[in-house]
Every structure is written in C-alpha cells, then in structure tokens.
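# Observations on chain architecture
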Amino acid sequence: IAPIAPDAVPVAARDFIGPVCAEMICLLGRRTGELHLALASLSQGRDVSPEPFSLLYQKSLYQSIRGLVQKVISRLESNVKSLDPVTTEGICTVVGARRTILARLARIMEKKSPILKIRTHGHYHLGRVLYTGKDFVIIDFEGEPARPMTERRLRQPALRDVAGMIRSFHYAAYGNLILRAGKLGADIDYLRDWADLWCHYVSGIFLHAYFETVADSALVPKDRAECMTMLEVFMLEKAVYELGYELNNRPDWLIIPVRGIEQMLKT
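## A few points about the packing of aromatic side chains
According to the stated counting rule, one finds seven aromatic pairs in the structure shown. Ring centres 5.0 Å apart and planes at 45° place the aromatic pair Tyr131 and Phe136 in the tilted group. Overall, the relative accessible area of 13% leaves Phe136 in the buried class. Their ring planes at 90° and their centres at 6.4 Å tell us that Phe169 and Trp198 sit as a pair that is edge-to-face.

What follows is the structure, given as structure tokens:
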C-alpha cells in the first residue's frame, strides 16, 4: 500500500475503477483528513486535547497489539480443524508467520515518533460513511463496540482510523467478488487478481488525498517510510482483530483477513 495520485493511475486501472468511484475515494480521503484535523483542534479538556507520542506509549502499544496477536492465533490453532480446507490452509500460513508478524509490529518501537494522539472515530470503515450524492457524512462515533468504554475514550493515532478504512476497502472487494461469486462457481483466482488491483489503486488514491490534507499537521510522521511502517502496524492489528471477530461470528469470512495478512507479509 502506498499513496497514488489519481492522475498517476494507469488508464486501464482507471477505467476499471471508474472515474466516479475514483473521485469519491479522493473526496473520502480529504474528508477523513479534515475529520482528524477537526478532532486534533479540540481543547476543552484532558480527555480530548491532543497528546504527544512517547517511547513508553509506543512500547505499550506494541505490547497491547502483541497480546492480541498471541490470543487470536492461539484461538485459531484450537479451532483450525473445524474450518474448510481452503481457510485451514490460509490459517496455517498465518499461524506459521507468527514471528514475522510480531517482528513487523515491533518496528513501532524503533524510535520515538513526533506525532500526536487525538480523539479518533475509533471504528472507521465504509459502513460509517454516508454518501449524499455530493459529499460524505461520517456517522457513529461511539467506537468499537467490543472494546471497553474506557479504552474507546483513549486518544489514539489518527492512522488507526486510516488503517480501518483501508481494511474496509479489502472487505468491499473480497466480500462481493470472492465470497458471493465463489458460491456461484466463478473462477476465484481470476477474480482475486481484479479484487487486488481494485484495492491497490483505491487504497492508494485514498491515502494520497488523506496525506495531502494532513500534510502540515502533526497527525502523521513527516518521514514517509516511518509513516508507512506505522500504517502497516495498524493494518496488521486490524486484520488480526478481524480474524478473531470472524472466527466468532462468520467463519466463512475468515479468508478475507487471512488474504489481507498474506498480502501485507509479502511486501
């Protein structure tokens, strides 16, 4: 995943995505950035005022995500025999990559990040934005329902919301093209290539618009490599969380976060 300017998208990919969709995603990226700038401007009290990162916080962040990874992978190992063969193969790949995943996550502790923690949306995905025909309205700011209220009120890195939206793009592509089409006997490998192409460029356009909007703020690291490393950490966190959620609620959907993690580990 990397920012991609809309005019840098190849013509064939642009035709596949569609000009209207590309414009909407670009607008969504801008509105997401404006949301975070607005939240970063809050100053009514300690619970909402922005707060600088610290190495202690970054280490705590890593330990929290590491605990989630260990918990979810242990549960996957206990339930893998009850899953279908295709999902089982993917789960075994993720379980076998446990050390690699943790090593990727540990990069968030390498050096102190000069960015701010802010009040964020907390549960940001396509289901939390409404398109009016001209613009987007962002709704439901109560945070992730499965998390304790005290945790939902904590200030967070803005990139956590960004990671949630990018993972939502992956769900949009795979949920419609892979799960539904698979039940109809379609060529999944062929469709997966198109789904990956759509996700790549849509995510890139979204990121480009978002980063342009928050460029002069302290919401994301100025260093692009550091910024993308942090974004990958939160995308891995989100995908692992999705594994646990789907295992509990929709085992047939497990393949979506599995594919997401596999793609991230290939980069």
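## A few points about the sheet that holds strand E5 (residues 156-157)
The strand order across the open sheet formed by three strands is E1-E2-E5, and the pairing between neighbours is antiparallel. Strands at the two margins of the open sheet, each flanked by one partner only, are strand E1 (51-52) and E5.

## Brief notes about the pattern of salt bridges
With the rule as written, the count across this model stands at 14 salt bridges. Here Arg31 ties to Glu34 by a salt bridge, and the two come within 2.9 Å at their closest N and O atoms. Residue Arg31 and its partner Glu34 are both found in helix H2 (residues 19-40); the two are separated by three residues, about one turn of the helix. What makes Arg31 partly exposed here is its relative accessible area of 24%.

## Some details on the state of the cysteines
Should the sulfur atoms of two cysteines be covalently bonded, the bond is a disulfide. Across all of its chains, the model carries zero disulfides by this definition. With no disulfide of its own, Cys21 has Cys199 as its nearest cysteine by sulfur position, at a separation of 11 Å. As a non-bridged cysteine, Cys227 has Cys26 as the owner of its nearest cysteine sulfur, 17 Å distant. Look at Cys227 and you get buried, because its relative accessible area is 1%.

## Brief notes about the layout of surface pockets
Its volume calculated, the largest pocket comes out at about 930 Å³. The wall of the largest pocket is formed by 39 residues, among which Arg147, Glu151, Gln156, Arg160 and Glu237 lie closest to the centre. No other element matches the eight residues that helix H3 (residues 55-79) contributes to the lining of the largest pocket. A breakdown of the residues in the lining of the largest pocket according to their chemical character gives twelve nonpolar, eleven polar and 16 charged.

## Description of the environment of Leu39
With respect to the secondary-structure elements, Leu39 resides in helix H2. When the C-alpha atoms of Leu39 and Thr120 are compared, they prove to be 6.9 Å apart, with 81 residues separating the residues in sequence. Beyond its immediate stretch of four places on either side in the chain, Leu39 contacts Val48, Ile118, Arg119, Thr120 and His121.

## Remarks on the packing of H3 against helix H5 (residues 98-106)
Taken N-terminus to C-terminus, the directions of H3 and H5 make an angle of 165°; their axes are 10 Å apart at the nearest point. With respect to each other, H3 and H5 are oriented roughly antiparallel. Here H3 runs over H5; the crossing is right-handed. On the side of H3, the interface is formed by Tyr62, Ile65, Arg66, Val69, Gln70, Ile73 and Glu77, while H5 contributes Arg98, Ile101, Leu102, Leu105 and Ala106. Partitioned by chemical class, the residues of the contact of H3 with H5 number eight nonpolar, one polar and three charged.

## Focus: the confidence of the model for the chain
Averaged over the chain, the pLDDT score is 90; the fraction of residues at 70 or greater is 97%. Put simply, helix H6 (residues 149-152) is where the chain has its lowest mean pLDDT, 83, and strand E4 (residues 136-138) is where it has its highest, 96.

Conventions and cut-offs
- Residues numbered from 1 in each chain as written.
- Predicted model: local features only at pLDDT ≥ 70, side-chain atom pairs only at ≥ 80, totals over all residues.
- Heavy atoms only, no water.
- Phe/Tyr/Trp six-rings, centres within 6.5 Å; stacked < 30°, edge-to-face > 60°.
- Buried < 20%, exposed > 50% of the residue type's maximum accessible area, 1.4 Å probe, protein only.
- Pairing = 2+ DSSP bridges.
- Helix = DSSP H or I, 4+ residues; strand = E, 2+ residues; numbered from the N terminus.
- Salt bridge = Lys/Arg side-chain N within 4 Å of Asp/Glu carboxyl O.
- Disulfide = S-S within 2.5 Å.
- 1 Å grid on protein atoms, 1.4 Å probe; cavity = no way out; pocket = protein on both sides within 12 Å on 5 of 7 lines; lining within 4 Å.
- Points joined across faces, edges and corners; volume = space filled by probe spheres on them.
- Nonpolar A, V, L, I, M, F, W, Y, C, P; charged D, E, K, R; others polar.
- Contact = heavy atoms within 4.5 Å.
- Axes fitted to C-alpha atoms, helices over the stretch in contact; angles between N-to-C directions.
- Parallel < 35°, antiparallel > 145°, perpendicular 65-115°, else oblique.
- Left-handed = near helix turned anticlockwise from the far one by under 90°.
- pLDDT = per-residue confidence, 0-100.

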